[in-house]
Amino acid sequence: MRIEISVPPLPESVSDAKLLDWHKNVGETVGKGENLVDLETDKVVLEVPAPEDGVVVEVRGGKGDVVVSGQPIAVIDTSVRPAAPAASAATEKPAPVLSPAVRRLVTEHALDPAVIPASGREGRLTKQDVLDFLETRPAAEKARLPAGGRSERRVPMSRLRARIAERMLEAQHRTATLTTFNEVNLQKVFDIRNAHKARFEQQHGIKLGFMSFFIKASVETLRRFPIVNASLEGEEIVYHDYYDIGIAVSTDRGLVVPILRDADRTDFAGIEKAIAEFGQKARSGKLSLDELSGGTFTITNGGIFGSMLSTPILNPPQSAILGMHAIKERPVVEDGQIVIRPMIYLALSYDHRLIDGRDAVSFLFTIKELLEDPVRLMLAV
């Protein structure tokens with residue numbers, strides 16, 4: 001029996017996809033649920049699994065071809081029995097299963113994954129394995145580069161990178177973006193975290209980070225300033241009576257923004273678990289399109305890379321984005337005394353067509369107040 005494999009349904013916001021890497025060629029055996037091909041969209045890399053055991057008898061399209069939802073791309077025959085492997089091949093090392101991130105590194109540097117020591121679970125090759133291998137390559141191999149290190153490489157822009165570029169230009173050209181800044185004393189957040197982080201981790205199985213405090217403070221402030229949680233559609237203002245918070249995550253393919261839905265109904269443990277899961281999925285290319293769709297407000301943290309101050313760019317159609325930065329101990333004045341406190345600069349970029357400066361400044365100041373006295377988060381005052 002022959003089964004035709006088609007491009008899975010794509011959401012309305014994604015018009016097409018690109019064939020990225022075929023994992024099975026004509027004549028090769030494929031197991032039920034095994035990945036046939038990676039499809040790259042402007043948001044995520046999708047895997048197309050085989051619906052049944054069989055042998056690939058037809059492949060339609062090569063790497064880089066653009067395909068649309070429902071388009072046939074392969075045929076497998078479930079009635080064909082694969083030939084028994086030759087005795088000499090019995091001891092051959094099976095082809096390693098590579099994640100999209102690892103596959104891109106291997107392809108970019110023309111490496112044979114079979115010769116790279118793997119440290120991942122079940123012998124899987126990790127991105128760090130490849131990076132370590134590149135660092136330890138023989139000097140003679142590195143010397144193949146032209147003298148002076150003035151070589152050039154040209155690689156096609158990924159669909160995600162192209163989409164990021166498009167959205168950044170759209171945000172710059174179609175919004176009236178302003179940014180306001182403030183600084184926050186995180187001493188009380190540190191005190192709470194240090195006092196309860198061990199018991200929190202023991203009870204919930206996840207570490208208590210700082211992002212959950214910022215998300216909780218943002219949600220409470222969005223309640224008080226609903227215009228910041230709104231968006232423009234034509235000449236109408238759409239007020240969102242829910243709080244879907246985008247959390248920017250950096251990957252080797254570019255920045256992605258998975259959405260924490262109904263953040264107002266999620267406790268600290270739920271937020272921390274969601275953040276950890278988003279990070280793992282983003283780095284392995286496993287985020288779903290649903291997890292990347294929507295959102296009413298975004299938080300981005302350039303501080304993890306050491307940024308002290310920046311002006312984040314809006315994530316349309318959202319009207320505001322909060323930028324976090326590095327937490328640094330600095331001298332500040334309290335009650336006439338100079339003391340050392342953990343300080344952070346926050347930036348709020350907003351669309352001035354919709355949000356007035358007074359609301360933007362008051363919004364950021366309220367976040368400052370809530371973080372400097374976290375008890376107010378519990379009391380909603």
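Residues numbered from 1 in each chain as written. Predicted model: local features only at pLDDT ≥ 70, side-chain atom pairs only at ≥ 80, totals over all residues. Heavy atoms only, no water.

### Digging into the pairing of strand β2 (residues 17–22)
- Burial analysis of β2 places 6 of its 6 residues in the buried class, which makes it a mostly covered element.
- Where β2 meets strand β7 (residues 66–67), 2 bridges bridge the pair, whose relative direction is antiparallel. Each bridged residue has a counterpart across the sheet, and for Ala17 the counterpart in β7 is Val67.
- Bridge count for β2 against strand β4 (residues 35–40) is 4 bridges, and the pairing is antiparallel. Across the sheet, Trp22 pairs through a bridge with Val37, a residue of β4. (Buried < 20%, exposed > 50% of the residue type's maximum accessible area, 1.4 Å probe, protein only. Helix = DSSP H or I, 4+ residues; strand = E, 2+ residues; numbered from the N terminus. Pairing = 2+ DSSP bridges.)

### With respect to the side chain of Asp351
- Residue placement: Asp351 occurs in strand β19 (residues 337–351).
- One polar contact links the side chain of Asp351 to the main-chain amide nitrogen of Ala176, over a distance of 3.2 Å.
- Other than its neighbours up to four places away in sequence, Asp351 contacts Thr175, Ala176, Leu314 and Ser319. (Polar contact = N/O pair within 3.5 Å; in protein donor to acceptor, adjacent residues only side chain to side chain. Contact = heavy atoms within 4.5 Å.)

### A closer look at the nonpolar core
- If you look at the biggest cluster of nonpolar residues, it comprises 74 residues, and the most contacted ones within it are Leu39, Ile215, Val228, Phe297, Leu346 and Leu371.
- No other element matches the 7 residues that helix α6 (residues 211–224) contributes to this core.
- Formed by 9 residues, the second largest nonpolar core is a distinct cluster that contains Leu98, Val102, Leu111 and Ile116. (Core = buried A, V, L, I, M, F, W, Y, C linked by side-chain atoms within 4.5 Å.)

### With respect to the confidence of the model for the protein chain
- Averaged over every residue, the pLDDT of the protein chain is 86; the share at 70 or more is 90%.
- Below pLDDT 50 for its whole length, residues 85–93 participates in 1 contact with residues either more than four positions away or in separate chains. (pLDDT = per-residue confidence, 0-100.)

### Structural notes on the packing of aromatic side chains
- This model, assessed by the stated rule, comprises 4 aromatic pairs.
- Relative to Phe210, the ring of Phe190 lies with its centre 4.9 Å away and its plane at 35 degrees, an arrangement referred to as tilted. One end of the pair, Phe190, is in helix α5 (residues 187–204); the other, Phe210, is in the loop between α5 and α6, with 20 residues separating them in the sequence.
- Residue class for Phe190 comes out partly exposed when judged on its relative accessible area of 23%. (Phe/Tyr/Trp six-rings, centres within 6.5 Å; stacked < 30°, edge-to-face > 60°.)

### Concerning the sheet that holds β2
- Ordered in space as β5-β4-β2-β7, the 4 strands form an open sheet in which the pairing is antiparallel. Each having just a single partner strand, β5 (45–49) and β7 make up the two edges of the open sheet.

### Examining the side chain of Asn35
- Turning to its location among the elements, Asn35 is positioned in strand β4.
- Polar contacts involving the side chain of Asn35 include one to the side chain of His23, which spans 3.2 Å.
- Looking at Asn35, its side chain comes within polar contact range of the side chain of Asp38, at 2.9 Å.
- Here Asn35 is in contact with His23, Lys24, Glu47, Val48 and Pro49, once residues within four sequence places are set aside.

### What to know about the pattern of salt bridges
- Per the stated rule, a full pass over the model turns up 17 salt bridges.
- Between Arg224 and Glu220 there is a salt bridge, with the nearest N and O atoms lying 3.1 Å from each other. With Arg224 and Glu220 both in helix α6 and 4 residues apart, this pair spans about one turn of that helix.
- Look at Arg224 and you get partly exposed, because its relative accessible area is 32%.
- Relative accessible area serves as the criterion here: at 12%, Glu220 is assigned to the buried category. (Salt bridge = Lys/Arg side-chain N within 4 Å of Asp/Glu carboxyl O.)

### Observations concerning α6
- Spanning 14 residues, α6 covers 20 Å between terminal C-alpha atoms, matching the ideal 20 Å at 1.5 Å per step.
- In terms of burial, α6 is a largely internal element, 11 of the 14 residues being buried. (Expected span 1.5 Å × (residues − 1).)

### Some remarks on a nonpolar patch on the surface
- Taken together, the side chains of Val375, Met378, Leu379 and Val381 define a hydrophobic patch exposed on the protein surface, amounting to about 410 Å² of accessible area.
- Position of Val375 among the secondary structure elements: in helix α9 (residues 375–379).
- On the accessibility criterion, Val375 (39% relative accessible area) is partly exposed. (Patch = residues over 30% accessible without salt bridge, like charges linked within 9 Å, V, L, I, M, F, W, Y side chains within 5 Å. Areas by Shrake-Rupley, 256 points an atom, 1.4 Å probe, with all protein chains shown as cover.)

### Re the sheet that holds strand β8 (residues 72–77)
- One open sheet holds the 4 strands; their spatial order is β1-β8-β6-β3, and the pairing between them is antiparallel. Single-partner strands in this sheet number two, and they are β1 (2–6) and β3 (29–30).

### Focus on the environment of Pro331
- Looking at the element boundaries, Pro331 is found in strand β18 (residues 328–334).
- Relative accessible area serves as the criterion here: at 57%, Pro331 is assigned to the exposed category.
- Sequence separation between Pro331 and Pro342 is 11 residues; the distance between their C-alpha atoms is 8.9 Å.
- If we ignore the near neighbours within four places in the chain, the residues touching Pro331 are Ile338, Val339 and Ile340.

### Focus on unusual backbone geometry
- For the bond from Pro316 to Pro317, the omega torsion is 5 degrees, close enough to zero to count as cis.
- Note on placement: Pro317 falls in the loop between β16 (297–301) and β17 (320–324).
- Although it is not a glycine, Asp262 sits at a positive phi angle of roughly 50 degrees.

### Overview of the pairing of strand β6 (residues 54–59)
- Bridging between β3 and β6 involves 2 bridges; their strand directions are antiparallel. Across the sheet, the residue bridging to Val30 is Gly54, located in β6.
- When β6 meets β8, the two strands line up antiparallel, connected through 4 bridges. When the sheet's bridge partners are listed, Val55 is paired in β8 with Asp77.

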